[in-house]
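If you want the building blocks of each chain, they are given just below.
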Amino acid sequence: MIHSFDAVIIGSGLAGLRAAVEVSRQGSVAVLTKLYPTRSHSTAAQGGIGAALGNEEPDRPEWHFYDTAKGGDFLGDQDAIEVMCEDAIRTIIELEHLGVPFSRTPEGKIAQRKFGGHTREFGSAPVRRACYSADRTGHAIMFALFEQCGRQGVQFFKEFHVIDIAIEKNRCTGVIALEILTGEIHLFTAEAVLVASGGYGKVFKTTSNAHASTGDCLGILADKGIPLEDMEFFQFHPTGLYGLGILITEGARGEGGILLNGKGERFMEHYAPTIKDLAPRDMVSRAIITEIREGRGIDGRDYVHLDLTKVDKRIIEERLPEISTFCRIYMGIDPSMAPIPVLPTAHYAMGGIPTDIDGRVLKNEIGDAIEGLFAAGECACVSVHGANRLGCNSLLDTVVFGRRAGIAICDILNKTGRGSVSKESVDRAREAIDTMLRRKGSEKAAVIRKALQQAMMDKCSEFRTENELLSLTEALKGLRERTLEIGLKDKGKRFNTELLEALELNHLISLGELIAHSALQRTESRGAHTREDFPDRDDMNWLKHTLAFKTDKGPVFGYKEVRITRFRPAERKY
Ligand SMILES: Cc1cc2nc3c(=O)[nH]c(=O)nc-3n(C[C@H](O)[C@H](O)[C@H](O)COP(=O)(O)OP(=O)(O)OC[C@H]3O[C@@H](n4cnc5c(N)ncnc54)[C@H](O)[C@@H]3O)c2cc1C
């Protein structure tokens, strides 16, 4: 079946919805999502969205700018960071006007709380900057934007799994998707395509990410020769529920929770004397693993405690209801009575599809764009988060850059006309699916995925070494070969989730490869990328972005400059 729209958006998370609100003011918009729209991972976002409103104490966008640049270990592009922090205040007020029910101060202003790495006066003390809706901030924003999309006639194609993005002669002309219910192939042509397909935390075993966070569209674009930027930087959030990886928001520490080791010590005092438990995530995660490695886990085991027992019970009930429920359901713990066992969990991809500050996808080191192709949200790398994202900056990134991509799309509408997708592209996509269904091998996608996630976790998480990364790249080669032996039990067309898992697995392996090889190249430690064999940051050689190009012979690398406009890289002390 063929559909034609002015713009097609892949993904109904916050980036996709915010862009859809913008573009639908001027043209017809289709949003494709492999889930029910409001089941996107954005709905799970808990703790807050950052903006220097100064509602609870003095704050300034330039302090936010400084914190974001420093938090990202100076790898973020400062022109983009400045745009985001300056636009944050307008963004929050706009969201409020669109219907987001933010939590309030007693006098009725939007309430704000502390979050890791957010400080006043250039690092002197933590500041209340995260706007929140209890600990269901993502949920609140998602539903407001979804309603706005409905009001503006955005057309949703729910449970449509994108299997290809058509790029012909440097121009993106449309998208090919599989309708999950029927197994039918649909072709969407458009003047502009926005990729807003979210993160890929499922490449790791222990993760806070949803099952759908498999990075399919990054894999599709990598197969087409588009580079992926800074893939070595993957954030581990310090406080995942032990053994499960389910997230306990940083808002819990923002409200006064502290981390304790097996000796009952507040160990963050040693690692970040000024802001302690509210240091950036890369530092806190490394500190937790160091405590455990040195035998100071709880009872010598591999976890530490997040202690909320000293926080006023009323605050926990009012501002952290969701994570309290998680603790009760999954651990049998009431967080106001007993400490929570936690361990870092794979959380956020700093790397992704290279874009400029208006979401245009860039295909090389010198910044040439692909016509009609845009990306925003977690799948994109603008790059505002550099080597390590600060908490509450991702929701902000999705809505600020989702909107900007939407405006840039409006600018090109009715200029080139809607593209067409060649019959060969559609036949190729159909053939790829049929080949997978016909194969008779004995391997299972789920088994290979587990092996991938375990290998990534063991050899490429918080701490990395050359030897481990080399053995990982070998292991990934083996897993790739095994995918050729996958035989699907379900040969049917309707709701064939086994087929979808096999498609997702191919992309997960590509992303694993690009992460591992990029990590191997970068012989320094910066932000979330810690090389035990190269423990120092090396600005002489590595103050640059990695561009990893997937080729048949393995990844090939290019590099591009970091744009530093205001804050020179300095030692990162907290
Ligand atoms: C548990 C949790 C809590 C978080 N809390 C916070 C927080 O408090 N503050 C903060 O700033 N950040 C937070 N984050 C990070 C933030 O929520 C995400 O980075 C952000 O929501 C990503 O939004 P997105 O629009 O880019 O993608 P997502 O919301 O992940 O949406 C991706 C969309 O792409 C679609 N899609 C993907 N592949 C395909 C395909 N092949 N075909 C069709 N559709 C496809 C999906 O169906 C989905 O609609 C949190 C993250 C997690 C996991």
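Further up the page is the structure itself.
This text gives an overview of the structure that appears in the document. (Residues numbered from 1 in each chain as written. Predicted model: local features only at pLDDT ≥ 70, side-chain atom pairs only at ≥ 80, totals over all residues. Heavy atoms only, no water.)

1. Remarks on the packing of helix 14 (residues 466-483) against helix 15 (residues 497-521)
1) Next: Put simply, helix 14 and helix 15 touch, their axes get as near as 10 Å, and they point 160° apart. For the element pair helix 14 / helix 15, the angle class is roughly antiparallel. For the crossing formed where helix 14 meets helix 15, the hand is left-handed. Along its contact with helix 14, which presents Glu466, Leu469, Leu470, Leu472, Thr473, Leu476, Leu479, Arg480 and Thr483, the element helix 15 presents Leu505, Asn506, Ile509, Ser510, Gly512, Glu513, Ala516, His517, Ala519 and Leu520.
2) Next: Considering only residue class, the contact of helix 14 with helix 15 consists of 10 nonpolar, six polar and three charged. (Axes fitted to C-alpha atoms, helices over the stretch in contact; angles between N-to-C directions. Helix = DSSP H or I, 4+ residues; strand = E, 2+ residues; numbered from the N terminus. Parallel < 35°, antiparallel > 145°, perpendicular 65-115°, else oblique. Left-handed = near helix turned anticlockwise from the far one by under 90°. Contact = heavy atoms within 4.5 Å. Nonpolar A, V, L, I, M, F, W, Y, C, P; charged D, E, K, R; others polar.)

2. Examining the pairing of strand 17 (residues 369-375)
1) Next: Within strand 17, five of the seven residues are buried, which leaves it mostly tucked inside the rest of the structure.
2) Next: One ladder, built from three bridges, connects strand 9 (residues 185-195) with strand 17; its direction is parallel. Note that in strand 17 the partner of Leu194 across the bridge is Phe374.
3) Next: Of the strand pairs in this sheet, strand 16 (residues 360-362) and strand 17 are connected by two bridges, and their pairing is antiparallel. Bridged to Leu362 within strand 17 is Ala369. (Buried < 20%, exposed > 50% of the residue type's maximum accessible area, 1.4 Å probe, protein only. Pairing = 2+ DSSP bridges.)

3. A few points about the side chain of Asp164
1) Next: With respect to the secondary-structure elements, Asp164 resides in strand 7 (residues 160-168).
2) Next: In terms of polar contacts, Asp164 uses its side chain to reach the side chain of Lys224, at 3.1 Å.
3) Next: In this structure, Asp164 is in contact with Val175, Ile176, Ile220 and Lys224, ignoring residues within four places of it in sequence. (Polar contact = N/O pair within 3.5 Å; in protein donor to acceptor, adjacent residues only side chain to side chain.)

4. Here's the deal with the site of the ligand
1) Next: Inspection of the region around the ligand gives 37 residues, with Ser40, His41, Ser42, Asp216 and Glu378 positioned closest.
2) Next: Residue Leu14 places a main-chain N or O atom 3.1 Å away from an oxygen atom belonging to the ligand.
3) Next: One of the backbone nitrogen or oxygen atoms of Gly47 is found 2.7 Å away from an oxygen atom of the ligand.
4) Next: Starting from 1000 Å² of accessible surface for the ligand in isolation, the protein chains cover 97%.
5) Next: Sorting the residues of the shell around the ligand by element identifies helix 1 (14-23), strand 2 (29-33), strand 7, strand 14 (340-349) and helix 11 (394-412) as the ones contributing at least two each.
6) Next: Class assignment of the residues belonging to the shell around the ligand gives a composition of 13 nonpolar, 20 polar and four charged. (Near = heavy atom within 4 Å. Areas by Shrake-Rupley, 256 points an atom, 1.4 Å probe, with all protein chains shown as cover.)

5. Brief notes about the packing of helix 5 (residues 216-223) against helix 15
1) Next: The geometry of helix 5 relative to helix 15 is characterised by a closest axis approach of 8 Å and an angle of 70° between their N-to-C directions. The angle between the axes of helix 5 and helix 15 places the two elements in the roughly perpendicular class. Taking contact as the criterion, the partners of Asp216, Leu218, Gly219, Ile220, Ala222 and Asp223 in helix 5 are, on helix 15, Glu504, His507, Leu511 and Leu514.
2) Next: Taken together, the residues that form the contact of helix 5 with helix 15 break down as five nonpolar, two polar and three charged.

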